[in-house]
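# Overview (structure and organization)
Given next are the chains, with one letter for each unit.
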Amino acid sequence: MPKTVHKKKSKPSLSIVGSGRLGTALAIAMSSAGYRIEAVVTRRPARARKTAALIGNATAAINADELHLLPASKIVLITTPDDVIAQTAQKLANSQPSLVNGRVVLHTSGALSSDVLAPLAAMGFQVGSLHPLVSVNDPRTGPENLRRAFYCVEGDLGAARVARAIVRDLNGRSFSIRSFDKPLYHAAAVMASGHVVVLFDLATEMLMRCGLDPGKARRVLRPLLESTVSNLLTSDPATALTGTFARGDFATVQRHLAALGSNGSLVALTVYRALGIHALELTKKNGADPQIRERISKALGALPPPRK
Ligand SMILES: NC(=O)c1ccc[n+]([C@@H]2O[C@H](COP(=O)([O-])OP(=O)(O)OC[C@H]3O[C@@H](n4cnc5c(N)ncnc54)[C@H](OP(=O)(O)O)[C@@H]3O)[C@@H](O)[C@H]2O)c1
């Protein structure tokens, strides 16, 4: 009897509009996962050519003004900045009027839902969003980060199915939220990523006011940050919290506030207070003394001492 031959299903073809930090990393990762990247699009041709050369495989480099040249790839990924996704969707709709059947358009914004692709949905494209919950700032390390990431997927059924298949092919894990929650979801991502970087920079600036140069300030803070992240990876936030607020050191909080008031930036003082209030919430879970919590809470709410 002849043997049944199971043919390996080939991956859908793909074009990427906007090959910056994320677009380039996705292009590399998806190309190694077997996707045929047919074209990359940017406003600056050199950028698209650079990405196309990185992927190889006869990928076309197309200028953003020439979207009519985009091949009818099965999947189009829009990885432009958030603010130009709507206009890119409109331009795509205008430039690909007859090539809709079964095609999927996904964008990678965390803050926007698939609603921003409405002009394409109206034409019959399946539309969705695929947001990798990782920070990608370099195309060389980006693909590795993408392989371990969680991806937030939303959109219409067909698009969400394709998006989840992409995530599986990248060895990532997908989850979904309600479309209207995307701005809040993305604000959470900013808190856990961009704002952590900002906090680190504020701490660096404070150490510079103590006389350290920026490089030294970053070096001495690094093990502190690493040990904190490591604690957070193995414990819940209330248990991972150490330091002044976890101990309930009221007088130390007063010293911090006085120092920030006289020799810190207003931003650092405001952030210290706002995060201090939430730190007190965490200590509540650990059974901290309610009276001390109350005193610290009052100190955080009090006006800063006048600047000299
Ligand atoms: N980077 C991350 O860590 C990350 C993570 C998750 C999600 N995202 C999302 O991914 C998207 C891209 O972010 P990114 O950080 O990769 O931004 P980026 O590095 O600034 O890249 C944006 C790319 O879009 C191109 N571009 C700009 N306007 C365009 C237009 N009108 N038509 C075609 N291409 C255009 C830019 O090249 P030219 O200037 O040459 O046109 C650039 O290649 C955003 O929606 C972001 O929210 C990013």
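Above this text sits the structure in question.
Keep in mind the model is a prediction, meaning the values are calculated, not measured. Per chain, residues are indexed from 1 in the order of the written sequence. Residues qualify for local features only when their pLDDT is at least 70, as the model is predicted, and side-chain atom pairs are given and counted only at 80 or more; totals for whole chains, interfaces and linings, by contrast, use all residues. Working from all heavy atoms in the structure, the side-chain values ignore hydrogens and water.

## Points about the layout of surface pockets
Cut-off, in case you're wondering: Only protein atoms enter the 1 Å grid used here, on which a cavity is any set of points holding a 1.4 Å probe that cannot leave and a pocket is any open set flanked by protein within 12 Å on both sides along at least five of seven lines; residues with an atom within 4 Å of a point are listed as lining. Grid points are joined across faces, edges and corners, and a volume is the space filled by probe spheres set on the points. Secondary structure follows DSSP: runs of H or I at least 4 residues long count as helices, runs of E at least 2 residues long count as strands, and numbering of each begins at the N terminus. Residues are grouped as follows: Ala, Val, Leu, Ile, Met, Phe, Trp, Tyr, Cys and Pro are nonpolar; Asp, Glu, Lys and Arg are charged; all remaining types, including Gly, are polar.
When its volume is computed, the largest pocket comes out at roughly 2,400 Å³. Forming the boundary of the largest pocket are 46 residues, of which Leu199, Leu225, Thr228, Leu241 and Leu275 lie nearest the centre. Among the elements that line the lining of the largest pocket, the one with the most residues is helix α8 (residues 194-209), at eleven residues. Partitioning the lining of the largest pocket into residue classes produces 31 nonpolar, 14 polar and one charged. Quantified by volume, the second largest pocket comes out at close to 1,300 Å³. Along its surface, the second largest pocket is lined by 39 residues, and Arg21, Leu22, Thr80, Pro81 and Asp82 are the ones closest to its centre. If you list the elements that add at least two residues to the lining of the second largest pocket, you get α1 (21-32), β2 (36-42), α3 (85-95), β6 (126-132) and α7 (182-192). A total of five residues in the lining of the second largest pocket trace back to one element, the largest contributor, which is α7. Grouping the constituent residues of the lining of the second largest pocket by class yields 16 nonpolar, 17 polar and six charged.

## What about the side chain of Thr80?
Here is the rule: Contacts between residues were defined by any pair of non-hydrogen atoms, one from each residue, lying within 4.5 Å.
Looking at the element boundaries, Thr80 is found in the loop between β4 (75-78) and α3. In this view, Thr80 contacts Val17, Gly18, Ile85 and Thr88; residues no more than four positions away in its chain are not counted.

## Considerations on the packing of α1 against helix α2 (residues 45-55)
The line we're drawing: In this analysis an axis means a line fitted to C-alpha atoms, helices contributing only their contacting stretch, and an angle means the value between N-to-C directions, from 0 to 180 degrees. Between 65 and 115 degrees an angle is taken as roughly perpendicular, under 35 as roughly parallel, over 145 as roughly antiparallel, and anywhere else as oblique. By definition, turning the near helix anticlockwise from the far helix through less than a right angle yields a left-handed crossing, and turning it clockwise yields a right-handed one.
Closest axis-to-axis distance for the α1/α2 pair is 10 Å, and the angle between their directions is 20°. As summarised for this structure, α1 and α2 are arranged roughly parallel, according to the angle between their axes. Pair α1 / α2 crosses with right-handed handedness. Between α1 and α2, the contacting residues are Thr24, Ala27, Ile28 and Ser31 on the first element and Thr51, Leu54 and Ile55 on the second.

## Observations concerning the pattern of salt bridges
Which entries qualify depends on this criterion: Each reported salt bridge corresponds to a side-chain nitrogen of Lys or Arg within 4 Å of a carboxyl oxygen of Asp or Glu. Relative accessibility thresholds used throughout: buried, under 20% of the residue-type maximum; exposed, over 50%; partly exposed, between the two (1.4 Å probe, protein chains only).
Here the structure, examined in full by the defined rule, presents ten salt bridges. Here Arg148 and Glu144 are joined by a salt bridge, their closest N and O atoms 4.0 Å apart. Looking at Arg148, the relative accessible area reads 53%, which means it is exposed. Salt-bridge contacts for Glu281 lead to Lys284; the nearest nitrogen and oxygen are separated by 3.4 Å. With a gap of three residues between them, Glu281 and Lys284 both fall in helix α13 (residues 266-285), about one helical turn apart. The network of salt bridges with common partners includes Glu144, Arg147 and Arg148.

## Looking at a nonpolar patch on the surface
Which entries qualify depends on this criterion: Exposure above 30% relative accessible area and no salt bridge define the residues that can form patches, which grow by joining like charges within 9 Å and nonpolar side chains of Val, Leu, Ile, Met, Phe, Trp and Tyr within 5 Å. A 1.4 Å probe and the Shrake-Rupley method give the accessible areas. Residues count as covered only by the protein chains that appear here.
A surface patch of nonpolar side chains, amounting to about 340 Å² of accessible area, comprises Val196, Leu225, Val229 and Leu233. It is helix α9 (residues 214-234) that provides the largest number of residues to the nonpolar patch, a total of three residues. Residue classification places Val196 among the partly exposed residues on the basis of a relative accessible area of 33%.

## Looking at the packing of aromatic side chains
Selection rule: Centre distance within 6.5 Å is the pairing criterion for rings of Phe, Tyr and Trp, where only the six-membered ring of Trp is used; planes under 30 degrees apart are then read as stacked, over 60 as edge-to-face, and the remainder as tilted.
Taken as a whole and judged by the stated rule, the model has three aromatic pairs. Between Phe245 and Tyr272, the aromatic rings sit 5.9 Å apart at their centres with planes inclined by 55°, giving tilted as the arrangement. Highlighted residues: Phe245 in helix α11 (residues 244-247) and Tyr272 in helix α13, separated in sequence by 27 residues. Overall, the relative accessible area of 13% leaves Phe245 in the buried class. One aromatic cluster is present, built from ring pairs that chain together Phe150, Phe175 and Tyr185.

## Looking at helix α6 (residues 157-169)
Threshold: How far a helix is expected to stretch is found by multiplying one less than its residue total by 1.5 Å.
The terminal C-alpha atoms of α6 lie 18 Å apart, and with 13 residues this matches the ideal 18 Å at 1.5 Å per residue to within 8%. Taken as a whole, α6 has its buried residues at Gly158, Ala159, Ala160, Val162, Ala163, Ile166 and Val167. Following α6 by one or two positions, Asn171 adopts a phi angle in the positive range, close to 65°.

## A closer look at the site of the ligand
So the rule is basically this: Whether a residue is near a molecule or strand depends on its heavy atoms: it is near if one of them lies within 4 Å of it. Definition of a polar contact: a pair of N or O atoms within 3.5 Å, with one able to donate and the other able to accept a hydrogen when the atoms are protein atoms, and with sequence-neighbouring residues admitted only if both atoms are side-chain atoms.
Taken together, 24 residues surround the ligand, and among them Leu22, Arg43, Arg44, Asp82 and Val136 come closest. A distance of 2.6 Å is found between an oxygen atom of the ligand and a side-chain nitrogen or oxygen belonging to Asp82. Take Thr108: an N or O atom from its side chain is 3.0 Å from an oxygen atom of the ligand. When the ligand sits alone it has 890 Å² of accessible area, and the protein chains cover 88% of it.

None of this, on its own, says anything about what the molecule does.
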